[in-house]
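Residue strings, one per chain:
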Amino acid sequence: DPDIPEGAIGISTIEQLQMIGNDVDYPLDGYYVLTQDIDASATATWNAGAGFAPIGSPETPFTGTLYGQGYGVTDLFIDRPSEFFVGLVGYNVGGTVTNCYATGAVTGYEDVGGLVGYNGGTVTNCYATGAVTGDNSVGGLVGVIRYGGTITNCYATGAVTGDVGVGGLVGVVGYGGTVTNCY
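Because the structure is a prediction, the values reported are computed rather than measured.

**Concerning the overall build of the protein chain**
Tallying secondary structure elements over the protein chain gives one helix and 20 strands in all. Its C-alpha radius of gyration of 14 Å places the protein chain within 12% of the 16 Å reference for a compact globule of 183 residues. Along the first, second and third principal axes, the C-alpha atoms of the protein chain reach 45 × 35 × 30 Å. By residue count, 49% of the 183 residues in the protein chain fall in the buried class. Taking contacts inside the protein chain between residues at least 6 apart in sequence as the whole, the part at least 24 apart equals 78%. Per element, the accessible surface of the protein chain, about 7,300 Å² overall, is 49% carbon and sulfur.

Written out as structure tokens, the structure is:
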């Protein structure tokens, strides 16, 4: 496929995206490329109503590259109101999420974002338009940025609801995280 750079794994369905970190052929340190917009509307019925399972966790973080080529994940549904690190990518450490977007509705407890829950990596040229709901560290694009995490050339437009550390773009920026050229 000419749209897939050498060494990359093409992602064209929400099922393939969910395999990242859950299938030996889709490692958390892989190089992934979206080959089209990904319809995630089916996630509303996944996991007994909890929806999409965020990619990466503190024990097994996402450390790879998700390159959207301008494509995104539409109608993403995540309803995990008691969970930490909630987003399309739940926990990113040193990984890169670039040139992609997400729409839909994301609900978590802490470190909740429309695209990335916890970002200790790089998020560039991305946006999110979905509604994001949580309790602590809740952001329209990213819940929390820490330890050298960066967000550059991004925006978010969805409604964001929470109690502590709530922001339209990012809930909390701390410990060396940076945000540049965003709105």
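**Considerations on the side chain of Glu 110**
Along the chain, Glu 110 falls in strand 9 (residues 110-113). With no salt bridge to any partner, buried Glu 110 finds its closest opposite charge in Arg 146, at an N-O distance of 6.2 Å. The residues contacting Glu 110, other than those within four sequence positions of it, are Glu 83, Phe 84, Phe 85, Val 86, Asn 136 and Ser 137.

**Description of the nonpolar core**
Grouped together as the largest cluster of nonpolar side chains are 41 residues, with contacts concentrated most on Leu 17, Val 97, Leu 115 and Leu 141. Of all the elements in the fold, those that place two or more residues in this core are helix 1 (14-18), strand 2 (31-34), strand 5 (72-79), strand 7 (89-98), strand 8 (101-107), strand 10 (116-124) and strand 14 (142-145). Ranked by residues supplied to this core, first place goes to strand 5 with three residues. When sequence neighbours within four positions are dropped, the list of residues in contact with Leu 17 reads Ile 11, Leu 34, Phe 52, Ile 55, Leu 66, Val 73 and Leu 88.

**Quick notes on the environment of Asp 75**
Looking at the secondary structure, you find Asp 75 in strand 5. Exposure remark for Asp 75: the relative accessible area of 45% places this residue in the partly exposed category. As a C-alpha pair, Asp 75 and Ser 41 span 34 residues in sequence and 4.9 Å in three-dimensional space. With residues up to four places along the chain from it excluded, the contact list for Asp 75 reads Ala 40, Ser 41, Thr 43, Thr 103 and Gly 104.

So, how was this worked out
Residue positions within a chain follow its written sequence, with the count starting from 1. Whole-chain, interface and lining totals are the exception, using all residues; otherwise, since this is a predicted model, local features are given only for residues with pLDDT of at least 70 and side-chain atom pairs are given and counted only at 80 or more. By convention in this description, side-chain values take in all heavy atoms of the structure and omit both hydrogens and water. Secondary structure elements follow DSSP: runs of H or I of four or more residues count as helices, runs of E of two or more count as strands, with numbering from the N terminus. Here the globule rule is a power law, 2.2 Å times the number of residues to the power 0.38, and the radius of gyration is based on C-alpha atoms. When a residue's accessible area, from a 1.4 Å probe over protein chains only, is under 20% of the maximum for its type it is buried; when over 50% it is exposed; and in between it is partly exposed. In this description, contact between two residues means that some pair of their heavy atoms is separated by no more than 4.5 Å. Here the accessible surface of atoms and residues is derived via Shrake-Rupley with a 1.4 Å probe, and residues count as covered only by protein chains that are part of the display. When charges are tallied, Lys and Arg are placed among the positive residues and Asp and Glu among the negative ones, while His and the ends of the chain are skipped. For salt bridges, the criterion is a side-chain nitrogen of Lys or Arg within 4 Å of an Asp or Glu carboxyl oxygen. Only buried residues count toward a nonpolar core, which is a set of Ala, Val, Leu, Ile, Met, Phe, Trp, Tyr and Cys residues joined through side-chain atoms within 4.5 Å.

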